[in-house]
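Tertiary structure, described
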Amino acid sequence: MLYAVLCYDAESEVNAWSKELDAKVMADLATVNQRYAEAGKLGPVARLMPTTAAVTVRKGATDDIVMDGPFAETKEQFLGFFVLDVETLEEAITFARELSAVNPANGTYEVRPLQYFNPGAPIG
């Protein structure tokens, strides 16, 4: 079963990290990722650029509206995602807990079953 593990956190907090702390967090996350990648269970992983680089396209009454920034004002922003191919929801939750354990921020990891619409494409 494919699962998306979506990462949310206060972008202002994460963006305030020193280069050294950011590098340490990314290295710690890479350690978790490596175990799953070596087992053939980790697919694409993406870290999103800051919301200041985002635009939102919202359907308007007569024309689409393009706005700067993310889709909504929130305390936490969507910062990135992981794609897992694991047998159970519990295994996906374990992965999210491992990510959380090495992340010094107070973020949230959402685990959601994923429908993949590109048959035959490798995830690892």
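Below: a short report on this structure. All values reported here derive from a predicted model rather than from experimental measurement. (Residues numbered from 1 in each chain as written. Predicted model: local features only at pLDDT ≥ 70, side-chain atom pairs only at ≥ 80, totals over all residues. Heavy atoms only, no water.)

**Some details on helix α3 (residues 89-102)**
Between its first and last C-alpha, α3 extends 21 Å over 14 residues, near the 20 Å set by a 1.5 Å rise per residue. What α3 keeps buried is the set Glu-91, Ala-92, Phe-95, Ala-96 and Leu-99. Angularly, the buried residues of α3 cover 145 degrees about the axis, an arc narrow enough to put them on a single face. The outward face of α3, more than 90 degrees from its buried face, is lined by the exposed residues Glu-90, Arg-97 and Ala-101. Buried residues along α3 sit in contact with β1 (2-9), α2 (19-38), β2 (42-47), β5 (77-85) and β6 (108-113). (Helix = DSSP H or I, 4+ residues; strand = E, 2+ residues; numbered from the N terminus. Expected span 1.5 Å × (residues − 1). Buried < 20%, exposed > 50% of the residue type's maximum accessible area, 1.4 Å probe, protein only. Arc of directions from axis to C-beta. Contact = heavy atoms within 4.5 Å.)

**Remarks on the layout of surface pockets**
Estimated volume of the largest pocket: approximately 440 Å³. Forming the boundary of the largest pocket are 26 residues, of which Val-14, Met-26, Leu-29, Arg-47 and Leu-79 lie nearest the centre. Those elements that place two or more of their residues in the lining of the largest pocket are β1, α1 (11-15), α2, β2, β5 and β6. At 5 residues, the largest contribution of residues to the lining of the largest pocket is made by α2. Broken down by class, the residue content of the lining of the largest pocket amounts to 16 nonpolar, 6 polar and 4 charged. (1 Å grid on protein atoms, 1.4 Å probe; cavity = no way out; pocket = protein on both sides within 12 Å on 5 of 7 lines; lining within 4 Å. Points joined across faces, edges and corners; volume = space filled by probe spheres on them. Nonpolar A, V, L, I, M, F, W, Y, C, P; charged D, E, K, R; others polar.)

**Quick word on the packing of aromatic side chains**
Scanning all chains against the criterion turns up 3 aromatic pairs. Note on Tyr-36 and Phe-95: the rings are 4.6 Å apart at their centroids and 75 degrees apart in plane angle, and the pair reads as edge-to-face. Within this pair, whereas Tyr-36 is found in helix α2, its partner Phe-95 is found in helix α3, the two being separated by 59 residues in sequence. The exposure class of Phe-95 is buried, given its relative accessible area of 0%. Through a chain of ring-to-ring contacts, three or more aromatic side chains come together here, namely Tyr-36, Phe-82 and Phe-95. (Phe/Tyr/Trp six-rings, centres within 6.5 Å; stacked < 30°, edge-to-face > 60°.)

**As for the pattern of salt bridges**
Applying the stated criterion across every chain, the model contains 5 salt bridges. Residue Arg-35 is joined to Glu-98 by a salt bridge in which the shortest nitrogen-to-oxygen separation is 2.1 Å. Of this pair, Arg-35 sits in helix α2 while Glu-98 sits in helix α3, and the two are 63 residues apart along the sequence. With relative accessibility at 44%, the residue Arg-35 sits in the partly exposed group. Here Glu-98 falls in the partly exposed class, since its relative accessible area comes to 22%. (Salt bridge = Lys/Arg side-chain N within 4 Å of Asp/Glu carboxyl O.)

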